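# Coordinates in review
So the chains spell out like this:
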Amino acid sequence: MATYIIRRLLGLIPTLFVITVIGFLMMHAMPGNAFEALVFNPKIKNGAALYHRLLAQNGLDQSLPVQYIHWIGNILQGNFGISYNYQQPVSQLIGTYLPNTLLLAVTAEILILIISIPIGLYQARKVNGPFDVSFSFIAVLLYSIPGFVFALFLLFIFSFSLGWLPSQGTISASGANAGSFLDHLQHLLLPALALALPSLAGYTRLTRGYTLQIIVADFVRTAKAKGLGSKRIMFRHIFRNAIIPLVTQFGFDIGGLFGGAILIEQIFTWPGMGELSLNATLNRDYPLILATTLLFAVMVLIGNLIADILLAASDPRIRLN
Amino acid sequence: MSEPLLKVKNLKTYFTSRHSQVKAVDGVDFVVGKGRVLGIVGESGSGKSMTSLSIMGLVPGPQGKIVEGEILLEDMDLVKLSDKQMENVRGNLVSMIFQEPMTALNPVLTIGEQISEMLIKHRSMRKSEAMAKAIEMLRSVGFARAEQIVKEYPHQLSGGMRQRAMIAMAMSCEPKLLIADEPTTALDVTIQAQVLELMKDLRDRTGTSVVLITHDLGVIAEMADDMIVMYGGQVVESGTADDVFEVTLHPYTKALLASIPVIDEERDRLYAIPGTVPSAANFPVGCRFADRCSLVETRCRETMPELQEVRTGHWVRCHLVTK
Ligand SMILES: Nc1ncnc2c1ncn2[C@@H]1O[C@H](COP(=O)(O)OP(=O)(O)OP(=O)(O)O)[C@@H](O)[C@H]1O
Ligand SMILES: [Mg+2]
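Residues numbered from 1 in each chain as written. Chains lettered and ligands numbered in written order. Predicted model: local features only at pLDDT ≥ 70, side-chain atom pairs only at ≥ 80, totals over all residues. Heavy atoms only, no water.

Before going further, it helps to spend a moment on the sheet that holds strand 12 (residues 314-316) of chain B. Hydrogen bonds between backbone atoms are what pair the strands of a sheet, whose relative direction is either parallel or antiparallel. Residues and elements named next belong to chain B. With mixed pairing, the eight strands of this open sheet are ordered in space as 6-7-8-3-9-10-12-11. Each edge of the open sheet carries a strand with a single partner, namely strand 6 (94-97) and strand 11 (308-311). Strand-to-strand twist in this sheet, taken as the mean axis angle between neighbours without regard to direction, amounts to 20 degrees. Note that strand 7 (residues 177-181) and strand 8 (residues 209-214) share five bridges and pair parallel. Each residue of the ladder has a partner; that of L177, found in strand 8, is S209. In the packing of helix 10 (residues 251-258) onto the sheet, contacts are made with strand 9 (226-231) and strand 10 (234-240), and the angle to strand 9 comes to roughly 100 degrees. (Pairing = 2+ DSSP bridges. Helix = DSSP H or I, 4+ residues; strand = E, 2+ residues; numbered from the N terminus. Axes fitted to C-alpha atoms, helices over the stretch in contact; angles between N-to-C directions. Contact = heavy atoms within 4.5 Å.)

Now for the site of ligand 1. Residues and elements named next belong to chain B. Taken together, 14 residues lie around ligand 1, and S44, G45, K48, S49 and M50 are the ones closest in. Contact distances for ligand 1 include 3.3 Å between an oxygen atom and a backbone N or O atom of S46. One of the side-chain nitrogen or oxygen atoms of K48 is found 2.8 Å away from an oxygen atom of ligand 1. Out of a free accessible area of 640 Å², ligand 1 has 66% covered by protein chains. Looking at the shell around ligand 1, the elements with two or more residues in it are strand 2 (21-33) and helix 1 (48-56). With three residues, the single largest contributor to the shell around ligand 1 is helix 1. (Near = heavy atom within 4 Å. Polar contact = N/O pair within 3.5 Å; in protein donor to acceptor, adjacent residues only side chain to side chain. Areas by Shrake-Rupley, 256 points an atom, 1.4 Å probe, with all protein chains shown as cover.)

What follows is about helix 1 (residues 2-29) of chain A. Residue and element names in this part refer to chain A. In this model, helix 1 (28 residues) spans 41 Å end to end at C-alpha, consistent with the 40 Å of a helix rising 1.5 Å per residue. The set of residues buried in helix 1 consists of L12, T20, G23, F24 and M27. Elements in contact with the buried residues of helix 1: helix 4 (64-76) and helix 12 (286-314). (Expected span 1.5 Å × (residues − 1). Buried < 20%, exposed > 50% of the residue type's maximum accessible area, 1.4 Å probe, protein only.)

Attention now goes to the interface of chain A and chain B. Of the residues lining the interface, 23 residues belong to chain A; the matching set on chain B comes to 27 residues. Interface of chain A and chain B: buried area, both sides summed, is about 2,100 Å²; carbon and sulfur atoms make up 59% of it. The three residues of chain A that bury the most area against chain B are R221, A225 and K226 of chain A, which together make up 27% of that side's buried surface. At the surface where chain A touches chain B, the tally comes to three salt bridges. Scanning the region where chain A abuts chain B turns up 15 residue pairs in polar contact (both at pLDDT 80 or more). At the level of secondary structure, the elements contributing two or more residues to the side of chain A that touches chain B comprise helix 9 (218-225), helix 10 (230-267) and helix 13 (316-319) of chain A. Of the residues forming the side of chain A that touches chain B, the biggest block, seven residues, is contributed by helix 10 of chain A. Class assignment for the residues of the side of chain A that touches chain B results in six nonpolar, seven polar and 10 charged. (Buried area = accessible area lost by both parts, 1.4 Å probe. Salt bridge = Lys/Arg side-chain N within 4 Å of Asp/Glu carboxyl O. Nonpolar A, V, L, I, M, F, W, Y, C, P; charged D, E, K, R; others polar.)

Right, here's the structure in full:
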């Protein structure tokens, strides 16, 4: 297993290389750069000279291949450069913002799993019963609504109308329990829910579908013929098999959830990677754009890797080949 | 005949939906003696599998249901047992093995786990005890490296090995009755012979009664003490295998025997019974074989013949065969 993971990790290197090249080219294809505005700023005397000095300072006067090699060389030494906009090391910025996004994404993942799997299993068990039929309807509804619409609904209901939960930020600025665990949790709940809801509906459908496929399998009949109890058959035989495609899908979706967080973060003014990458792009903050793009790519690849590992862990037919 | 273990009386298993009623098993009677092998033959769709699933209480619901009859295991009527009580019968008093060894085992559990979970359930064994017993069972069905096999997954075994593992599993709680539904149909001929040999050997060693379902009269001749021939959800002929083969009475059984290819006989082409089995959703009023029978008479189409004992222990359902 360990060698398998190492082999897979090494396999990611070429993919990452290609992604950095594409990201680099696309970034430079965007019109303008971080310093161009200075030229037209009437308050700055001799803007053009300053502009050229800044370009030279940041190596932007060199050809693209040279810039790229320079950048990648620095990255390999762990140096992501300094953000033009924030005037801080990029690695330090990511260190501040990434944990917030991870917290949001992981909470959403957990919500998805602990809510959708039991619902899907129960639906499959009582297929075409009243609960199954009504929840299938709800699931399709949830699935077809984009996350940011949920975000607005949730905000409207729970923050503005009922006043139960805060509408923005990660903690309260003041108040008795500002910064406490409960305070964190209250701030986390709505954005995580908004991020989770569409996938959650999708996962109940998947759980239900895979379970129904397995229920009719020959080996389930064998398990019944052995006189096993219905709970054991459900979990040890049916669910244990249905979970294989489910965890695989889950891994693939990790990257997507990360991307989906960008929009949700904006709505809840959640200081995460969404805010960072959006600001970077708007300001043509090249070092930050490259670093955040790379990070998103790494997240997708890690998700795929997790999918493969979970698949191998849950299916001996894969693991032993 | 020995003391009876299982008596099936007037068993009817129907599939009822809004539009139709499929009479998969329609009034079946037979007896399995202690330590005997009963063979069940019949064409596809004649109700062999549904008969055996009825005994196991595994008729696919909610459409499928036993609508009438008794299944007496010693003195206990299995039809009347609750779901929970049936759990203690399945795998414990009566076990079953199926046709498809490739798909009948759970792909994500080891062979050892799949055998031992039965022992844990029915014999209240601890895990380690159950695993030791699983190894012993695998050895008894001819696995030399049983210690490794318990740790392996079904996909690591060949078809024949899987079916032997299935048999080891089915026999692990020392059931009184083993039902095998076409256990060798999916296997190579040489492996078939080994698996049949193994079943016979287990029967001799343990005294377990066996119900063996097959399309293949050769397998019946080889294995069975008694046999029943099924057609259209009914028994059309039953008796000891020797009697049925030597003094074949029912025209359907005769036709089945005639359709076995014989190697040393020069025949232009294989004999096949003309026509097809009538649909179980729409049986004729008279004899169900009438349309395909070369000896058919008017009364055959008008009234259904009864299953009659025409010689001692030899029963036939045909108007033309009498004492
Ligand atoms: N789930 C079901 N719903 C409706 N009818 C069914 C169902 N399962 C089986 N039947 C019908 O019951 C009848 C008996 O089927 P059964 O499987 O017992 O036949 P069989 O003798 O085992 O045949 P084979 O040799 O092909 O296995 C058939 O007519 C079949 O169409
Ligand atoms: Mg069958």
